[in-house]
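Coordinate inspection notes
The lines below spell out each chain.
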Amino acid sequence: MKAKNKVEAAPGKADLVVREGLILGHPGSDSIAIAGGQIIAHGQFAELKPLVGPQTHLVKLGGRVVAPGLIDSHIHFLEAAAAATGISVARCRTLGDVLADLRIAAGKTPPGNWLRAFGCDEALMLDGRGPTRAELDHSVPKNPLRLKHQTLHATWLNSRAIALLGFEAPDFKPPDGANMIRDAAGKLTGLVIGMETWLSRHLPPVTIAESESRARIMSRELAAAGVTNFTDATTRNGVAEVELFAKLAQSGAIAQRLGVMIGGQHLESAAQCEQIASAANIRLAGVKFMPGYEYDRAGLARPVGLAIARGLDCAFHATEVEELDEALAAIETAKANYGGEREIPRFRIEHGGLIPHNYIDRLAAMNAWVVTNPGFIHFRGAKYAAEPGLVAHLYRAKSLKDAGVHLAGATDAPVTPGRPLAAIATAVSRITLEGIELAPAEAISVAEAFAMFTIDAARLAQLDAGVVETGCVADLIVLPRDPLSLTPTDLMNLAVDITIVGGRVIYERGRPAIASSDSADLHSS
């Protein structure tokens, strides 16, 4: 949304000109002119001076590099916003540190109030396990606690939370697909799997005001990482969630362009979701199918068929080979049965955590996309290094590209940090946080990795973005150095100086968030 007090440039003049730098992909240009949210010209600044009017903002680059904005094709925005503004133990590698952080947070929380935390993963703990119910009770004795697993697919609860939720009541019936872990004596351990949507609905709701506050902080974090566009791929998304995203976009709390997937269980409300999204100028990015959900007793064929009949892309969560099998079978059936006149929508394999070699040609033949997470190698590599037999198939890139499989990149934030440059660096290095190299044969060049988060991601989202070209949307970032010339180490630590969405500066390094608005004067010269 444009702010009401924005001063428009004169007819035929640019709203914004970034000048005297390096333009990625255009060695003969040093400046870009932007009007109406689009790139209208690039070239030498002397050639663009006729486009400069009295209301044109000028930003001097001083030799810095302008590149396409980064597109994150799969995140969980609301979860990431909650983690960014709440209690995160993702940095912890021992249970002692996890419990200490929870104890400190509990000391700052009024007794009886829910304590919500995120980021524990037993696979990354040096202890080799997650917290016990007794340990959680000792650390958080006066508050009900929900500690989300870093993968977002499980939760640890303390005894106060278990009691409030009624889990130990004789008549309690867990939702379909739930796994409530018990010890040898049959007592709940506090770890529950496959109940994330149920838990979110039964905990005290987050207010709109709190959601907006969280969203503004997370949007700025993404902007600081150079993200100009993202897709929320949360399975529980339905009408209520699309309405919330619409409000956050219209209020300006989310400054990026965004797309929202809905869960396969919400297909019957797809038309309503499309209407809400369209009115708010956000994309309905498709339908997400998750293993373990019973979308139809006969399997995925019917719901997938309904989705593509509506023209909706179909995305399938697949981190394990069994999940990949289920997804590919559904895609093959859907393609065989499709009788529509328009072009069949895109099929997306989300994550592609394990792709054995014999599946690669099959993916290519289906014209499917793989939305991969190279950052998992860096941030979660310790887990994979412990399973050497699987490493060769892990988050493939080069073998998929060589076979002609469409590839886009994503961070899956908050599972890994929402920093595409770190993911790009890892796609090149294949090195874990601990310094272990995993499946180096799957490494790709910096240019190829950068494309996964720019031009390739824009193709997947069907956007005129991802490149610096006349007529494309002006979603751009300014970097201190040419990213394509850097080593993975330097790229991992590269700062973003300016982020621009639709010709509007939404982030400038070192400038307070309150100044990132249409009415603020830019640092210019």
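Refer to the structure presented above.
The residue numbers shown here count from 1 along each chain, following its written sequence. The model is predicted, so local features are restricted to residues of pLDDT at least 70 and side-chain atom pairs to those at 80 or more, both for listing and for counting; the totals for chains, interfaces and linings are taken over all residues. As a rule here, side-chain values cover all heavy atoms of the structure and leave hydrogens and water aside.

Below, the discussion takes up the packing of helix 2 (residues 77-85) against helix 7 (residues 208-224). Running from amino to carboxyl end, helix 2 crosses helix 7 at an angle of 95°, the nearest separation of the two axes being 8 Å. The angle between helix 2 and helix 7 places the two elements in the roughly perpendicular class. For the pair helix 2 and helix 7, contact is made by Phe 77, Ala 80, Ala 81, Ala 82, Ala 84 and Thr 85 and by Arg 214, Ala 215, Ile 217, Met 218, Ser 219, Glu 221 and Leu 222, respectively. For this classification, the nonpolar set comprises Ala, Val, Leu, Ile, Met, Phe, Trp, Tyr, Cys and Pro, the charged set comprises Asp, Glu, Lys and Arg, and every other residue, Gly included, is treated as polar. Counted by class, the contact of helix 2 with helix 7 contains nine nonpolar, two polar and two charged residues. Fitting a line to C-alpha atoms yields each axis, with helices limited to the stretch in contact; the angle taken between N-to-C directions then spans 0 to 180 degrees. Secondary structure elements follow DSSP: runs of H or I of four or more residues count as helices, runs of E of two or more count as strands, with numbering from the N terminus. Should an angle fall under 35 degrees it is taken as roughly parallel, and over 145 as roughly antiparallel, whereas 65 to 115 is taken as roughly perpendicular and any remaining angle as oblique. In what follows, a contact means two residues having at least one pair of non-hydrogen atoms within 4.5 Å.

Mapped onto the elements, Ala 233 comes out in the loop between strand 14 (227-232) and helix 8 (239-250). With a 1.4 Å probe rolled over the protein chains alone, any residue whose accessible area is under 20% of its type maximum counts as buried; one over 50% counts as exposed, and the rest are partly exposed. Residue class for Ala 233 comes out buried when judged on its relative accessible area of 0%. Residues Ala 233 and Thr 470 lie 237 residues apart in sequence; the distance between their C-alpha atoms is 30 Å.

Each neighbour pair has its own omega, and for Ala 413 with Pro 414 the value is 10°, a cis peptide bond. By secondary structure assignment, the location of Pro 414 is in the loop between strand 20 (406-409) and helix 16 (420-429). Unlike most non-glycine residues, Leu 152 shows phi in positive territory, near 75°. Within the secondary structure, Leu 152 is located in the loop between strand 10 (145-149) and strand 11 (154-157).

To continue, consider the packing of aromatic side chains. In this scheme Phe, Tyr and Trp rings, the latter by its six-membered ring, pair at centre separations within 6.5 Å, and the angle between planes marks the pair as stacked below 30 degrees, edge-to-face above 60, and tilted otherwise. Under the counting rule described, the total for this entry stands at ten aromatic pairs. Look at Phe 77 and Phe 230: their rings are 5.1 Å apart centre to centre, the planes differ by 5°, and that puts the pair in the stacked class. Of this pair, Phe 77 sits in helix 2 while Phe 230 is found in strand 14, placing the two residues 153 residues apart along the sequence. Each of the two residues, Phe 77 as well as Phe 230, counts as buried. With 5.2 Å between their ring centres and 90° between their planes, Phe 289 and Tyr 295 make a pair best called edge-to-face. Phe 289 sits in the buried class, given a relative accessible area of 2%. Every member of this aromatic cluster is reached through a ring pair, and the members are Phe 289, Tyr 293, Tyr 295 and Phe 316. A cation over a ring is seen here: Arg 19 above Phe 45, with NZ or CZ 4.8 Å from the ring centre. Each ring is checked for a lysine NZ or an arginine CZ that lies within 6 Å of its centre and within 35 degrees of its normal; such an atom marks a charge sitting over the ring. Above the face of the Phe 376 ring, Arg 380 is positioned so that its terminal group lies 6.0 Å from the ring centre.

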